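Structural overview for review
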Amino acid sequence: MPHIRHDLYNLTREELRAHFVNWGLSPVHADRLWNYLYLQLAESFADMPELPLKVLGRLEAGWRIGTLSTAVETDSSDGFTRKYLLQLTDRARIETVLMRFTGRVTACISSQVGCAMGCVFCATGQMGYTRHLTPGEIVAQAVHVARALRPKPASAECHVIRDTSSHRLRNVVLMGMGEPLHNYDAVMQAINILRDSNGLALAGERITVSTVGVVPGILRLAEDKPPMHLAVSLHAATQEERVALVPVAKKWPLDELMDACRTYSTATGRKIFYEWTLIEGKNDSPDHARAVGRLLRGLPAQVNLIPLNPTTGYGGAPTHTEAAKKFQRVLADEFKLPSTVRQRRGIDIAAGCGQLAVAGA
Ligand code: SAH
Ligand code: SF4
């Protein structure tokens, strides 16, 4: 029988400490291991000289550090975006994207191999669903990006992450492959690990989970209130128009989705980011903007407009800049609704929103 080693990245610090206590080992060693994993971003047990041999023996017998191997790494021509094709232990592959903006770096990470939701304009949806990611596989993507940002050590002593804006990972968006709320428990466990103040220490307000509109998941978030931002992919303001773009709207209709969003905002006191992929001639007219304005009236909201990125399975065209600006003006002038147009990044390497897909995953 093959020996399956457990992935240390699956565990919160408390869980790691509990394991150490069960093994009759001091939790002080668990804390030291945690530092190696998340402050020094160690890749192997050989990089942990301060752990006693009895601890290393226990770890080597049944545990592993779930580092993901890079199958392919691609840089966009403007140098702002890097896409990693990462390989999992079962040889399935996922994509993770590192995006550089002025003064900040954001990791766009995946929650599933493929996606079951089938949105017509999304490359991940077009490839179908393979499996959920484990919490460790979600955490490992953030660690991968954190390692890539780390300055190359000039000397042996210099291997701790520097606290500068471009050398430390501060922003994570769960907007890569997959539907995070379809994999709720793993995503929430991963967020807890990412937020640990003695580890990667990502602030809740710098973590955004984007959902296609999985109503039961949004209602769970309203109960659990994890510290993070929620983005809801809307794309249409009527049930009929939405179903044509987002097939799962049949299961979770627009009125139920909006009720769930209201419940979430009331329970948490937080605004929701509503995402709107702008498709020329489909959902980008001033009247469409008015319909969004009416739909979101009274809700704490911001609209994020994303001009359509090309995918092989969908023929639509992105909205022109002028029409996108007009859309924004209607939202602002007639409804006092703030909005942004997402900066297009990594389109030349198919790393933009909705372009992530892996052949034969
Ligand atoms: N499954 C989640 C998160 C991943 S998709 C969700 O759907 O929200 C992240 C964002 O990219 C979503 O708002 C999605 O609608 C958008 N998107 C998907 N395909 C796109 C495309 N081809 N062009 C622009 N945005 C796209
Ligand atoms: Fe899945 Fe999101 Fe793509 Fe829809 S847009 S298919 S929910 S990843």
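Figured I'd write up the structure that's included with this text. Here the structure is a predicted model, which is why all the values come from computation and not from measurement.

Cut-offs and rules
- Residues numbered from 1 in each chain as written.
- Chains lettered and ligands numbered in written order.
- Predicted model: local features only at pLDDT ≥ 70, side-chain atom pairs only at ≥ 80, totals over all residues.
- Heavy atoms only, no water.
- Salt bridge = Lys/Arg side-chain N within 4 Å of Asp/Glu carboxyl O.
- Buried < 20%, exposed > 50% of the residue type's maximum accessible area, 1.4 Å probe, protein only.
- Helix = DSSP H or I, 4+ residues; strand = E, 2+ residues; numbered from the N terminus.
- Near = heavy atom within 4 Å.
- Areas by Shrake-Rupley, 256 points an atom, 1.4 Å probe, with all protein chains shown as cover.
- Nonpolar A, V, L, I, M, F, W, Y, C, P; charged D, E, K, R; others polar.
- Contact = heavy atoms within 4.5 Å.
- Expected span 1.5 Å × (residues − 1).
- Polar contact = N/O pair within 3.5 Å; in protein donor to acceptor, adjacent residues only side chain to side chain.
- Core = buried A, V, L, I, M, F, W, Y, C linked by side-chain atoms within 4.5 Å.
- Pairing = 2+ DSSP bridges.

**A word on the pattern of salt bridges**
- For the structure shown, the criterion picks out 14 salt bridges.
- D75 is the salt-bridge partner of R82, the closest N and O atoms lying 2.7 Å from each other.
- Residue class for R82 comes out partly exposed when judged on its relative accessible area of 26%.
- A salt bridge links D90 to R131; its shortest N-O distance comes to 2.8 Å. Of the two residues, D90 is situated in the loop between β4 (81–87) and β5 (93–101) and R131 in strand β8 (residues 129–132); the sequence distance between them amounts to 41 residues.
- Judged by relative accessible area, which is 43%, D90 ranks as partly exposed.

**Some thoughts on the site of ligand 1**
- With respect to spatial proximity, 20 residues lie near ligand 1, and among them F121, S210, S233, H235 and N309 are the closest.
- Relative to its free-state accessible area of 530 Å², ligand 1 is covered by the protein chains to the extent of 96%.
- Of all the secondary structure elements, the ones that give two or more residues to the shell around ligand 1 are β10 (207–211), β12 (272–278) and β13 (301–307).
- Among the residues making up the shell around ligand 1, the classes are represented as eight nonpolar, 10 polar and two charged.

**Things to note about the environment of R17**
- Relative to the helices and strands, R17 resides in helix α1 (residues 13–22).
- Its relative accessible area of 32% is what places R17 among the partly exposed residues.
- When the C-alpha atoms of R17 and G316 are compared, they prove to be 52 Å apart, with 299 residues separating the residues in sequence.
- When residues no more than four places from it in sequence are discounted, the contact partners of R17 are P27, A30 and D31.

**Here we look at helix α2 (residues 27–38)**
- Look at α2: 16 Å from first C-alpha to last across 12 residues, which is about the 16 Å you get at 1.5 Å a residue.
- Those residues of α2 that sit buried are H29, A30, L33, W34, Y36, L37 and Y38.
- Sitting at the amino-terminal end of α2 is S26, which places a side-chain oxygen 3.0 Å from the backbone nitrogen of V28.

**Side note on the site of ligand 2**
- Taken together, C115, M117, G118, C119, C122, G125, G178, E179 and V212 make up the full set of residues near ligand 2.
- Its residues assigned to classes, the shell around ligand 2 comprises five nonpolar, three polar and one charged.

**Notes on the nonpolar core**
- Judged by nonpolar contacts, the single largest core of 117 residues is most densely connected at L8, Y274 and L296.
- Residues within four places of Y274 in sequence aside, it is in contact with V232, L234, M258, C261, L296, L299, A301, Q302, V303 and N304.

**Here's the deal with the pairing of strand β11 (residues 229–233)**
- A large share of β11 lies buried, amounting to four of its five residues.
- Taken together, the four bridges between β10 and β11 define a ladder with parallel strand orientation. Across the sheet, the residue bridging to T208 is H229, located in β11.
- Note that β11 and β12 share three bridges and pair parallel. Paired with S233 across the strands is E275, a residue of β12.

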